[in-house]
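# Fold and contact review
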Amino acid sequence: MSEVAHIDVDLDPLEPSLQPILDQKSLRWIFVGGKGGVGKTTTSCSLAIQLSKVRESVLLISTDPAHNLSDAFNQKFGKEARKVDGFDNLSAMEIDPTGSIQELLESGDANSAGNPLGGMMQDIAFSIPGVDEAMSFAEVLKQVKSLSYSVIVFDTAPTGHTLRFLQFPTVLEKALGKISQLSGRFGPMLNGILGAQGAPQIDEMMSKLESMREVIAEVSKQFKDAELTTFVCVCIAEFLSLYETERMIQELNSYHIDTHSIVVNQLLFPKKDNECPQCNARRKMQKKYLEQIEELYEDFNVVKCPLLVEEIRGPEKLKQFSEMLITPYQPPEGN
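It should be emphasised that the depicted structure is a prediction, and the values quoted were computed from it without experimental measurement.

This part takes up helix H9 (residues 239-254). Taking 1.5 Å of rise per residue, the 16 residues of H9 would be expected to cover 22 Å, and the 23 Å separating its terminal C-alpha atoms lies within 8% of that figure. Of the surrounding secondary structure, the elements contacted by the buried residues of H9 are strand E1 (29-33), strand E6 (229-236), strand E7 (261-267) and helix H10 (277-296). Just downstream of H9 lies His-256, where phi reads positive at about 60°.

A word on the sheet that holds strand E8 (residues 301-306). With respect to topology, eight strands assemble into an open sheet ordered E3-E4-E2-E5-E1-E6-E7-E8, the strand pairing being mixed. Only two strands of the sheet have a single neighbouring strand rather than two, namely strand E3 (82-83) and E8. One ladder, built from four bridges, connects E1 with strand E5 (residues 151-155); its direction is parallel. Bridged to Trp-29 within E5 is Ile-152. Along the sheet face, H10 touches E6, E7 and E8 and points at about 175° away from the line of E7.

A word on helix H11 (residues 315-326). Since there are 3.6 residues in each turn of an α-helix, residues three or four apart along the chain are aligned in direction. Given a rise of 1.5 Å per residue, twelve residues ought to cover 16 Å, and the 17 Å separating the end C-alpha atoms of H11 matches this to within 8%. In this structure, the buried residues of H11 make contact with helix H1 (19-23), helix H2 (40-54), helix H3 (69-73), E7 and E8.

Once that is clear, we can look at a nonpolar patch on the surface. Together, Phe-239, Leu-240 and Tyr-243 give the surface a local cluster of nonpolar side chains, amounting to about 350 Å² of exposed area. For Leu-240, the position within the fold is in helix H9. Relative accessible area serves as the criterion here: at 57%, Leu-240 is assigned to the exposed category.

For the rest of this paragraph, the subject is the pattern of salt bridges. Scanning the entire structure with this criterion turns up seven salt bridges. A salt bridge links Glu-238 to Arg-282; its shortest N-O distance comes to 2.3 Å. Of this pair, Glu-238 sits in the loop between E6 and H9 while Arg-282 sits in helix H10; the two residues are 44 residues apart in sequence, bridging distant segments of the chain. Accessibility expressed as a relative area gives 35% for Arg-282, which makes it partly exposed. Notably, a salt bridge pairs Glu-294 with Lys-304, separated by 2.4 Å at the nearest N-O pair. You can see Glu-294 sitting in helix H10 and its partner Lys-304 sitting in strand E8, a full ten residues away along the chain. Taking relative accessible area as the criterion, Glu-294 reaches 34% and is therefore assigned partly exposed. Overall, Lys-304 belongs to the partly exposed group, its relative accessible area being 29%.

For the rest of this paragraph, the subject is unusual backbone geometry. The phi angle at Asn-74 is positive, at roughly 55°, despite the residue not being glycine. Along the chain, the position of Asn-74 falls in the loop between H3 and E3. Of note in the backbone geometry, Gln-266 takes a positive phi value of approximately 60° without being a glycine. Here Gln-266 is to be found in strand E7.

In this section: the packing of aromatic side chains. According to the stated counting rule, one finds nine aromatic pairs in the structure shown. Where Phe-31 meets Phe-223, the ring centres are 4.9 Å apart and the plane angle is 90°; that geometry is what we call edge-to-face. With Phe-31 in strand E1 and Phe-223 in helix H8 (residues 202-223), the pair connects residues that are 192 residues apart, well separated along the chain. Across from the ring centre of Trp-29, 5.2 Å away, lies the NZ or CZ of Arg-28, which sits over that ring. The side chain of Lys-319 reaches across the aromatic face of Phe-87, ending 5.1 Å from its centre.

This part is about the pairing of E6. Successive side chains on a regular strand alternate, one facing one side of the sheet and the next facing the other. Counting buried positions along E6 gives eight out of eight residues, so the element sits mostly inside the fold. Neither face of E6 is left uncovered, since the one carrying Thr-229, Phe-231, Cys-233 and Cys-235 and the one carrying Thr-230, Val-232, Val-234 and Ile-236 both have all their residues buried. Looking at chain direction, E1 and E6 are connected through five bridges and run parallel. By the bridge assignment for E6, Phe-31 is matched with Phe-231. With five bridges joining them, E6 and E7 adopt parallel strand pairing. By the bridge assignment for E7, Cys-233 is matched with Ile-262. Traced from E6 through H9 to E7, the parallel crossover comes out right-handed.

Rules behind the numbers
- Residues numbered from 1 in each chain as written.
- Predicted model: local features only at pLDDT ≥ 70, side-chain atom pairs only at ≥ 80, totals over all residues.
- Heavy atoms only, no water.
- Helix = DSSP H or I, 4+ residues; strand = E, 2+ residues; numbered from the N terminus.
- Expected span 1.5 Å × (residues − 1).
- Contact = heavy atoms within 4.5 Å.
- Pairing = 2+ DSSP bridges.
- Axes fitted to C-alpha atoms, helices over the stretch in contact; angles between N-to-C directions.
- Patch = residues over 30% accessible without salt bridge, like charges linked within 9 Å, V, L, I, M, F, W, Y side chains within 5 Å.
- Areas by Shrake-Rupley, 256 points an atom, 1.4 Å probe, with all protein chains shown as cover.
- Salt bridge = Lys/Arg side-chain N within 4 Å of Asp/Glu carboxyl O.
- Buried < 20%, exposed > 50% of the residue type's maximum accessible area, 1.4 Å probe, protein only.
- Phe/Tyr/Trp six-rings, centres within 6.5 Å; stacked < 30°, edge-to-face > 60°.
- Lys NZ or Arg CZ within 6 Å of the ring centre and 35° of its normal.
- Right-handed = clockwise from strand over helix to strand, strands pointing away.

Below, the structure is given as structure tokens:
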């Protein structure tokens, strides 16, 4: 099923902890991803909290339209980085990629119906595969470049194409070539019309697209460097989640992005004399999938976190949960 789990059988399994991520001081970008509802945001917030103990400054960014960071910390975040209450060196922000393309391609009054070319350029931009993800990261980088953070944690959208935007520079290069051909043939005429309307010239729009392509290309290169970037997969011990995790790991491999950490959330540890048939049946099912995970990903740090009886909201609860990412959870006696 997996092409990633190749390891010498004589080696011991890796530690069930995210401590290696804290120890790797060269890391600049850390992605946290998984299906919706598996505890992805809780994990990314908790990892950021642990990183804040060992790194000078940490930025946590949500590129998920649901924007759960505000709910997790009980504090409102927006598109500007803001310090998380109770932390001196941890900030958070929530990026909405949908408006970014318009901002990039339009200026002044160019967003009005009087600028048909602006609309056409926007249509071309939206038709490029991965453009939403690319714009979201272009927006992030625009802000992050002017700030100085030791490490940046991304709470990504729950999609099977989390890093599809890595193909964006190549795709955009082809699109720019086609637009360039069109502008060569019709540019002077269109520039005359646009100039009369006070809209940006084709060359100006081309240069904006080109500069965006350069930024994304630069970042793509960093994301493919295992010294700078890693991806943490979050899942639960169920078939669909395991399937999605495997698919995500294969996709990350195809993009040459390092991933060697899996967090398995919502595990049950019922007592041996527990008479709840649902608890025991579910634990039996979870054990089956946990064994599969450990067999498939024996060269991964597999962290196991229990299902808790209350919501993990607010800095204090997140701090408590974050400890389980580092120190393996020990079920109480009799489980």
